[in-house]
Structure formats: structure tokens, C-alpha cells
Amino acid sequence: MADIARRTDHRYGNRPTMKDVAARAGVGLKTVSRVVNGEPGVTPDTERRVHEAIEALGFRRNDSARVLRKGRTATIGLVLEDLADPFYGPLSRAVEEVARAHGALLINGSSAEEPEREQELALALCARRVDGLIVIPAGDDHRYLEPEIRAGVATVFVDRPAGRIDADAVLSDSFGGAREGVAHLIAHGHRRIGFVGDRPRIHTGAERLRGYRAAMEDAGLPVREEWISLGSTNPERVSAAVREMLTAPEPVTALFAGNNRVTVTAVRTLAAHPSPVALVGFDDIELADLLGITVIAQDAAALGRTAAERLFRRLDGAGGAPERVVLGTTLLARGSGEIAPPTA
């Protein structure tokens, strides 16, 4: 109990230093440095006393000063859109694995889809001297990062490209994936197809809408504006949009959902509809295979891994102009996208 009391006397944030270790072990500061860094020239008895002092004080070596002397902090930052979105789990994990393989620590945070918060977070990470940034942008103007990039902060954008600056980007083929998904519905006989998507200012949302329009045009089908609903992925808005399309004078017979959150709400809304409605969603969702949901799947882990590998190549000195890498998507037909339109 006395030992616990002594430990709790310390104020939080006051970490023991090498000077504290030296005083407790009764040795010089240089001797502690040699022991901590595994250098020769210390007797076994002295080394034992230093280790005992380290253990008693809970001392940990401060790697920050050591890595700063090398010009690198061995940390990278990841700015996500929403930590709660299942799509970002495998992406973040893939970035972390690549960082770990390069001996670096990953620090991440969420912009909550707010451009101002994205900027605040990205600049806060830069102020903490991260070596590089991977950003899933919420905004469309990234000129605020130009000074950081010029100062040597390697930066790669993922899922969406940077706005108003040239920077490396790793994207999924949102246009091609949406075009394929809508064409799949058309191939199963649908002519009135609704599109429920994200805000049009978001690159992925705009590209998927463009893919929807292209597929309809390829088939010579008209697109009515009442078949398109763009905006927040809030469940109330999405559910209302789906119900409106299904109860219009000429209701849609199929839906294309612009992302995983839209798909989840669409599935719940369609469950209460009296007749089957075909559905294809962009992004896979949990239990989609068991529920029979046809999706356009993108490889979130491959996005994260490719972006992180690109970042570390830049940190290792790779030059050249910024590059845009586009990864393909996969149509997974599971049943919901193969429902035929009503014959009557």
C-alpha cells in the first residue's frame, strides 16, 4: 500500500526523466544514457542498479528527441471522414499495418464530414510533426496544406481527390462501379430506376450519380429528376426519399443506393413495402451475403494499403508528379439486384 501511495503522489504529466533515474541509481547521466541505449562501458553491477531505478520510477525512453535528430518522427496521420462508418475500419487497419512495417506509428481522427474540422485536424497533426498525412477529404479546397507539403509533409488523398491542389490520390472507380450496377438492373428488365445518393459536392457522390446517368443513357432510357435524391445519409431523409419514389404516380421498380449507409436504410425501408423492389448498393455491408443484397464492392483495405505504400515511397524519396491511382470495383450479385420488375 505504501508503494501505491508513493506512486500516486506524482502529478499526472510529470514523467520521470533520465536525471531522475541517475539520482536514484547514484550514477551519472551519461551512464544512464549508455544503459538506455544499449551502449558498452558500464559494469554489470551499475547496469543492474540503473535498471532497478528505471523499473521503480516507471521510466520510458523518450524517442521523440532521438527521431527528431534524424529529421523524422516515425509517425503518420490519418484523417478519416467518420470513425463509426464500417467502411473505414479495414482501410484504417491496412494503413496501420503498412505503417507498422515501416516502424511508424499511426495517429488518426475523424472530420465528421465537416471541412473546417478536417482542416483543423490535419493542421494539428502537422503541428505535431507527423512525417506524412493520409486524408479522406470532407472539403473541396486543400490549399491550406500547400505550406505543409512544401515543408516536406508527404500527403496522399484516399477515396476522394484533393481539391484545388495537385496531390497523390488513391480512389475507387465510383463512376464505373455505379454504371455497372445500374446496367445490371437494366439488364434485369428495369426501366424506372431511382438513385439515392450522398451530397453532390462530395466527389464519390457526384461520380456515382454520373455513372447512374451514363448507364441510363447507354440504354436509351430517360432520367426523371424525381428519380434522383441527393443529400445527407441521415436515415430519416433517405427513408423518406425511398418512400416518395415508391409511391409516385409512376413508381420506380428498382433502386441504386449510393453508399453503404444509404443501402442499410433502403433495406429497412423496402422491408415494409408490400411488393419486392430490386436494389443494388454501392459498398458492401455487414450480413449482405446472408440478406441477399447485391452490391458494388470496393476494396477498402486495398485503398488504405495502396495509399500508405505510396506515402512511404514519397517519404523514402520517390519523386515525380502527383499520381492518381484508381482501383476497380466488383459486382456481387446476391439476389436483390436480380428481382424482375412487376409485369402488371
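What you are looking at is a predicted structure, and each value in this text was computed from that prediction instead of being measured.

### Examining the overall build of the chain
Then comes step 1: When helices and strands are counted, the chain shows 14 helices and 12 strands.
Then comes step 2: With the C-alpha coordinates aligned to their principal axes, the bounding extent of the chain is approximately 90 × 55 × 30 Å.
Then comes step 3: Counting all 344 residues of the chain, 46% fall into the buried class.
Then comes step 4: Taking the contacts inside the chain whose residues are at least 6 apart along the sequence as the reference set, 66% of them involve residues at least 24 apart.
Then comes step 5: Counting only carbon and sulfur atoms, one obtains 51% of the accessible surface of the chain, whose full area is about 17,800 Å².
Then comes step 6: Positive and negative side-chain charges of the chain, numbering 44 and 47 respectively, have mean locations separated by a distance of 7 Å.

### Describing the packing of helix α3 (residues 29-36) against helix α4 (residues 44-57)
Then comes step 1: With their axes 10 Å apart at the nearest point, α3 and α4 run at an angle of 85° to one another. When the axis of α3 is compared with that of α4, the two are roughly perpendicular. Contacts between α3 and α4 involve T31, V32, V35 and V36 from the first element and T46, E47, V50, H51 and I54 from the second.
Then comes step 2: A class-by-class count of the residues in the contact of α3 with α4 yields five nonpolar, three polar and one charged.

### Observations concerning the domain arrangement of the chain
Then comes step 1: Partitioning the chain into structural domains gives domain 1 (18-61), domain 2 (71-171 + 300-326) and domain 3 (174-298).
Then comes step 2: If you average the C-alpha positions of domain 1 and of domain 2, the two centres end up 39 Å apart.

### Thoughts on the packing of aromatic side chains
Then comes step 1: The final tally for this structure, using the stated rule, is three aromatic pairs.
Then comes step 2: With a centroid separation of 5.3 Å and 40° between ring planes, the pair formed by F195 and Y212 is classed as tilted. With F195 in strand β6 (residues 193-197) and Y212 in helix α10 (residues 203-218), this pair connects stretches of sequence that are 17 residues apart.
Then comes step 3: On the basis of relative accessibility, which here comes to 1%, the residue F195 falls in the buried class.
Then comes step 4: Aromatic side chains F195 and F256 sit 6.0 Å apart centroid to centroid with 15° between the ring planes, which places their arrangement in the stacked category. Of this pair, F195 sits in strand β6 while F256 is found in strand β8 (residues 254-257), placing the two residues 61 residues apart along the sequence. Across this residue pair, the class does not change: F195 and F256 are buried.

### Concerning the sheet that holds strand β2 (residues 105-110)
One key point about sheets: their strands pair by backbone hydrogen bonds, in either a parallel or an antiparallel sense.
Then comes step 1: One open sheet holds the six strands; their spatial order is β2-β1-β3-β4-β5-β11, and the pairing between them is parallel. Each edge of the open sheet carries a strand with a single partner, namely β2 and β11 (324-327). Sheet twist, expressed as the mean angle between neighbouring strand axes with direction ignored, is 15°.
Then comes step 2: Here strand β1 (residues 75-80) pairs with strand β3 (residues 132-135) via four bridges, running parallel. Considered in β3, the bridge of G77 is made with L133.
Then comes step 3: Against the sheet, helix α6 (residues 88-101) makes contact with β1, β2, β3 and β4 (154-158), and its axis sits at roughly 170° relative to β1, the strand it touches most.
Then comes step 4: Those strands touched by helix α14 (residues 300-315) are β1, β3, β4, β5 (168-172) and β11, and its axis lies near 165° from that of β4.

Cut-offs applied
Throughout, a residue's number is its position along its own chain's written sequence, starting from 1. Predicted model: local features are reported for residues with pLDDT of at least 70 only, side-chain atom pairs are reported and counted for 80 or more only, and whole-chain, interface and lining totals are derived from all residues. Values reported for side chains reflect all heavy atoms of the structure, with hydrogen atoms and water molecules removed beforehand. Starting at the N terminus, helices and strands are each numbered in turn, a helix being any DSSP run of H or I of at least four residues and a strand any DSSP run of E of at least two. Three exposure classes are used, based on accessible area relative to the maximum for each residue type with a 1.4 Å probe and protein chains only: buried under 20%, partly exposed in between, and exposed over 50%. Here a residue-residue contact requires only that any non-hydrogen atoms of the pair lie within 4.5 Å. Residue-level accessible areas treat just the shown protein chains as cover; the underlying method is Shrake-Rupley with a 1.4 Å probe. Neither His nor the chain termini are counted; the positive set is Lys and Arg, and the negative set is Asp and Glu. In plain terms, the charge of a residue is placed at NZ if it is Lys, CZ if Arg, CG if Asp and CD if Glu. In this analysis an axis means a line fitted to C-alpha atoms, helices contributing only their contacting stretch, and an angle means the value between N-to-C directions, from 0 to 180 degrees. An angle below 35 degrees is treated as roughly parallel, one above 145 as roughly antiparallel, one from 65 to 115 as roughly perpendicular, and anything else as oblique. Residue classes follow a fixed rule: Ala, Val, Leu, Ile, Met, Phe, Trp, Tyr, Cys and Pro count as nonpolar, while Asp, Glu, Lys and Arg count as charged, and any other residue, Gly among them, counts as polar. Here the limits of each domain have been adopted from an automatic or database domain assignment. Only the six-membered ring of Trp is used, alongside the rings of Phe and Tyr, when aromatic pairs are assigned; centres must lie within 6.5 Å, and planes under 30 degrees apart are stacked while those over 60 apart are edge-to-face, with the rest tilted. Following DSSP output, two strands are said to pair if at least two bridges run between them.

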